[in-house]
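# Commentary on secondary and tertiary structure
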Amino acid sequence: MILIVDDAPENIISLKKVLEKNGFEVDTASSGDEALKKILKKSYVLIILDVQMPGMDGFEVAEAISGYSKAKETAIIFLSAASANVNLITRGYSSGGLDYISKPVDMNVLLLKVKTFYRIYEQSRALNEMQKKLLEEIEFRKEAERKKDEFISIASHELKTPMTSIKGYIQLLERSIDKNDVETVKIRLHKVQNQIEKLNLLVADLLDISKIESGKLKFNKRYFSFDDILDHIIEVMQQANPAIRLISTGHISTEIFGDEMRIEQVIINFITNAIKYAPDSDEVHITSELRGSEIYFSVRDFGIGMAKEHQLQIFDKFYRVEETSERFQGLGIGLYICQEIIERHQGTIGVNSEPGEGSEFYFIIPVHPEKDINNN
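Computed from a predicted model, the values in this text were never measured in an experiment.

### Some words on the overall build of the protein
When helices and strands are counted, the protein shows twelve helices and twelve strands. Counting every position in the protein, which comprises 376 residues, the buried fraction comes to 40%. Carbon and sulfur atoms make up 53% of the accessible area of the protein, which totals about 21,800 Å².

### Comments concerning the sheet that holds strand β5 (residues 99–102)
Spatially, the five strands line up as an open sheet ordered β2-β1-β3-β4-β5, and their pairing is parallel. With partners counted over all chains shown, the strands left at the sheet margins are β2 (26–29) and β5, one partner each. Between one strand axis and the next, the sheet turns through 20° on average, direction left out of account. As paired strands, strand β1 (residues 2–5) and strand β3 (residues 46–50) are joined by four bridges and run parallel to one another. In the strand pairing of β3, Val5 is matched with Leu49. Against the sheet, helix α2 (residues 32–41) contacts β1, β2 and β3, and its axis sits at roughly 140° relative to β2.

### Structural notes on the sheet that holds strand β10 (residues 294–300)
One key point about sheets: their strands pair by backbone hydrogen bonds, in either a parallel or an antiparallel sense. Pairing within the open sheet is mixed, and its five strands lie in the order β7-β9-β10-β12-β11. Edge positions in the open sheet fall to β7 (245–249) and β11 (348–354), since each of these has one partner strand only. Averaged over all adjacent pairs, the angle separating strand axes in this sheet is 15°, with direction ignored. Relative to β10, strand β9 (residues 283–291) runs antiparallel, the two being bridged by seven bridges. The partner of Thr287 across the bridge, within β10, is Ser298. Strands β7, β9, β10 and β12 (358–366) of the sheet are contacted by helix α7 (residues 226–240), whose axis makes an angle of about 165° with β7. Packing of helix α8 (residues 260–276) onto the sheet brings it into contact with β7, β9, β10, β11 and β12, and relative to β12 it is tilted by some 170°.

### Some words on helix α1 (residues 9–21)
With 13 residues, α1 ought to run about 18 Å at 1.5 Å a step, and its terminal C-alpha atoms sit 18 Å apart, in line with that. Turning to α1, its buried residues are Ile12, Leu15 and Leu19. Down the axis, α1 shows its buried residues gathered within 80° of arc, on one side only. Away from its buried face by more than 90 degrees, α1 exposes Pro9, Glu10, Ile13, Lys17 and Lys21. Just downstream of α1, Gly23 is the residue with a positive phi angle, here 90°.

### Thoughts on the nonpolar core
By size, the foremost hydrophobic cluster in this structure holds 45 residues, and its most contacted members are Phe226, Ile267 and Phe363. Secondary structure elements with two or more residues in this core: α6 (182–214), α7, α8, β9, β10, α11 (334–344), β11 and β12. Ranked by the residues each element gives to this core, the list is headed by α8, at seven residues. Not counting residues up to four positions away in its chain, the partners in contact with Phe363 are Phe226, Ile263, Val266, Ile267, Phe270, Ile295, Tyr296, Phe297, Ile342, Thr348 and Ile349. Core analysis: the second largest hydrophobic core is formed by 19 residues, Ile4, Leu15, Leu19 and Val114 among them.

### Quick word on the pairing of β3
Burial analysis of β3 places five of its five residues in the buried class, which makes it a mostly covered element. In this structure, β3 lies alongside strand β4 (residues 75–80), joined through five bridges in parallel fashion. Its bridge partner being in β4, Ile48 is matched across the sheet by Ile77.

### Observations regarding the packing of α2 against helix α3 (residues 58–65)
In helix packing, the relevant descriptors are the interaxial angle and the interaxial distance, both defined with respect to the helix axes. Put simply, α2 and α3 touch, their axes get as near as 10 Å, and they point 20° apart. Judged by the angle between their axes, α2 and α3 are roughly parallel. Here the hand of the crossing between α2 and α3 comes out right-handed. The residues of α3 that touch α2, namely those facing Gly32, Leu36 and Ile39, are Val61, Ala64 and Ile65. Across the contact of α2 with α3, the residue classes break down as five nonpolar, one polar and no charged.

About the criteria used
- Residues numbered from 1 in each chain as written.
- Predicted model: local features only at pLDDT ≥ 70, side-chain atom pairs only at ≥ 80, totals over all residues.
- Heavy atoms only, no water.
- Helix = DSSP H or I, 4+ residues; strand = E, 2+ residues; numbered from the N terminus.
- Buried < 20%, exposed > 50% of the residue type's maximum accessible area, 1.4 Å probe, protein only.
- Areas by Shrake-Rupley, 256 points an atom, 1.4 Å probe, with all protein chains shown as cover.
- Pairing = 2+ DSSP bridges.
- Axes fitted to C-alpha atoms, helices over the stretch in contact; angles between N-to-C directions.
- Contact = heavy atoms within 4.5 Å.
- Expected span 1.5 Å × (residues − 1).
- Arc of directions from axis to C-beta.
- Core = buried A, V, L, I, M, F, W, Y, C linked by side-chain atoms within 4.5 Å.
- Parallel < 35°, antiparallel > 145°, perpendicular 65-115°, else oblique.
- Left-handed = near helix turned anticlockwise from the far one by under 90°.
- Nonpolar A, V, L, I, M, F, W, Y, C, P; charged D, E, K, R; others polar.

So, in structure tokens, the structure goes:
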């Protein structure tokens, strides 16, 4: 928008008419005070400013404008009926003006100057936009690099922990074998097995991340019984965690179409997290329901819960809730992989949580995803 500032109404009318005829949006002010009030409220690309006005003259207006951060990038063209002497021109430029035109105004010259300033403005705006996007890209890459370095550090630590435990248990096993202590050998073998399973899960997650990144995460879909795999998972996990009651409600009476192993992977992740992040609780509630042509499955714990801002990022790659990262182990990729699996089943995944009141992780998938595709 262009602001014309002139105390002579006839000058304003003639300039406004010509500029609007050439497609420019125009605003007007009949005094310096009125101009300053408008500049505080609106943004202008260009100000055409009469020098000789009663009260505050054009130079004083320009000097005042230069103090407004909102108008620092606004171009000013001075107009004056006086002859363009050197002192006048010098004061005009030192006041913040970028050009100077004497009255009577040659409209063709004025239009050329206005179009030039607009072109410079558009180029400057495009350049600023490019600079902004470049800075955002730099920040994004810095954050990605930081997350990658943090992930490598965490992964190294997480892989080292079970390896160190396995090494220690093997040394203890050797002593137990030398003493022919069969019961202790069995106990320590079981502990070694648990650590190997942890290591196996970590490696599997790392491999899945690599496959997701390269687009090579494969799915073998077929019809299977959801209830059967859920019952098996609960039985195994209940034996492994006897102090926790896994309370399951609901049934899926029909077979569903999907990758049994991958859906099992998501269910195990949900239950494992529920046990991990509710160390002072003795219950985990598991719900499965058939809702029309969709399956709703959820796992609710009564643990630490999480704030809203964490819920929005919990499924992001490498994301770990900062307050719990020191207390609970993890790579920050399990839920990211779960999200990929559920989305590849044309489903949705989410969480409901309140700090201190626990979390409920859920997913919804169609019973017959391939049929759904064909119907769309």
